[in-house]
Amino acid sequence: MIDFPEIQAVLFDIDGTLIDSMPIWDELGARYLRARNIEPEPELGKILFPMTIDEGVTYLKEHYSPSDKKEAIRAGLMKTIDDFYRFEVPQKDGADAFLKRIAADGIPMVLTTIGEPAQEEAALTRLGLRRYFGKMYVCEEYHTTKKEPLIYQIAARELGVSPEHTLVAEDMLQAVRAAKCAGFRTLAVADEASRPDRTELIRTADRFIDSFRELL
């Protein structure tokens, strides 16, 4: 594979790496409110971003919908997220062309995620990307996160390849660090959500890209 000639398998993250899904978390509250003809405050995204879903539901109820039940607000937020994945989320620049190139080289690819698998399956299928991959490894199913390398180790072992011959593609610094420390080769993909860590990502990963087209 270009830039990584010794690679025998590639493990791809999804959110922020293959699909540009991170903006929904900034826009979620505003999208939900506008769908109900309620105009949100200008900085709502920044207010809600550090909150859990339950905390966000409480904030929206107290500030915008005191008469609504929390269960209804939560369901509305979940539907907003689901619709975004199923009908809107775009692929990252050059992803399809890069995956096609790897597939043509006969290199197996799988997915690793901390996200909601049904939503990500729907997004990848709509975008025509799911066909390139084998199994999707979901961190929750293995009781792990990407702060540690377990999900990559499990995937590589099942593929029958060693870490030094496996490329991990991620957008978040903690994931790149975990994979790198476990001996994997790493490709860091730029994303708006990880912009504050850009310098450290460039320093840590074997390769940092703004677009997959750089690898074609």
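(A) Representation of the pairing of strand β4 (residues 166-170). Most of β4 is tucked away: five of the five residues are buried. Here β4 shows no split at all, with T166, V168 and E170 on one side and L167 and A169 on the other all buried. Inspection of the sheet shows strand β1 (residues 9-12) paired to β4 by four bridges, in the parallel sense. By the bridge assignment for β4, V10 is matched with L167. Here β4 pairs with strand β5 (residues 185-189) via four bridges, running parallel. Across the sheet, the residue bridging to L167 is R185, located in β5. Taken together, β4, helix α8 (residues 173-181) and β5 form a β-α-β motif whose crossover is right-handed.

(B) The packing of helix α3 (residues 53-63) against helix α4 (residues 70-87), seen in detail. Running from amino to carboxyl end, α3 crosses α4 at an angle of 115 degrees, the nearest separation of the two axes being 9 Å. Crossing angle aside, the handedness with which α3 passes α4 is right-handed. Of α4, the residues touching α3 (which contributes I53, D54, V57, T58, L60 and K61) are K70, I73, R74, L77 and M78.

(C) Structural view of the sheet that holds strand β2 (residues 109-113). Ordered in space as β3-β2-β1-β4-β5-β6, the six strands form an open sheet in which the pairing is parallel. Pairing within the sheet leaves two strands with one partner each, and these edge strands are β3 (136-138) and β6 (207-209). With direction set aside, neighbouring strand axes in the sheet form an average angle of 20 degrees. On top of the sheet, helix α5 (residues 95-104) reaches β1, β2 and β5; it is set at about 150 degrees to β1, its chief contact. Strands in contact with α8 are β4 and β5; relative to β5, the strand with the most contacts, it is inclined by about 170 degrees.

(D) Quick peek at the pattern of salt bridges. Under the criterion given, the structure shown has 23 salt bridges. The shortest N-O distance in the salt bridge between R36 and D68 comes to 2.8 Å. Highlighted residues: R36 in the loop between α1 (23-35) and α2 (44-48) and D68 in the loop between α3 and α4, separated in sequence by 32 residues. Accessibility expressed as a relative area gives 18% for D68, which makes it buried. Linking D210 and R198 is a salt bridge whose minimum nitrogen-to-oxygen distance equals 2.8 Å. Highlighted residues: D210 in the segment after β6 and R198 in helix α9 (residues 198-204), separated in sequence by twelve residues. Judged by its relative accessible area of 44%, D210 is partly exposed. What emerges from the salt-bridge pattern is a single network uniting E6, K180, R185 and D206.

(E) How the structure looks around the nonpolar core. Formed by 45 residues in total, the largest nonpolar core has its most connected members in F12, L18, L60, L187 and F212. No other element matches the five residues that α4 contributes to this core. Aside from chain neighbours lying at most four places away, what touches F12 is T17, L18, F98, L99, I102, M109, V110, L111, T112, F133, A169 and F212. Residues C139, Y152, I154 and V161 belong to the second largest nonpolar core, which totals 15 residues.

(F) Geometry of unusual backbone geometry. Positive phi, normally seen in glycine, also occurs at N37, with a value near 60 degrees. As for its placement among the helices and strands, N37 is situated in the loop between α1 and α2. Backbone geometry places H143, a non-glycine residue, at a positive phi of 55 degrees. Mapped onto the secondary structure, H143 falls in the loop between β3 and α7 (150-159). Given the relative accessible area of 75%, H143 is considered exposed.

About the cut-offs
- Residues numbered from 1 in each chain as written.
- Predicted model: local features only at pLDDT ≥ 70, side-chain atom pairs only at ≥ 80, totals over all residues.
- Heavy atoms only, no water.
- Buried < 20%, exposed > 50% of the residue type's maximum accessible area, 1.4 Å probe, protein only.
- Helix = DSSP H or I, 4+ residues; strand = E, 2+ residues; numbered from the N terminus.
- Pairing = 2+ DSSP bridges.
- Right-handed = clockwise from strand over helix to strand, strands pointing away.
- Axes fitted to C-alpha atoms, helices over the stretch in contact; angles between N-to-C directions.
- Left-handed = near helix turned anticlockwise from the far one by under 90°.
- Contact = heavy atoms within 4.5 Å.
- Salt bridge = Lys/Arg side-chain N within 4 Å of Asp/Glu carboxyl O.
- Core = buried A, V, L, I, M, F, W, Y, C linked by side-chain atoms within 4.5 Å.

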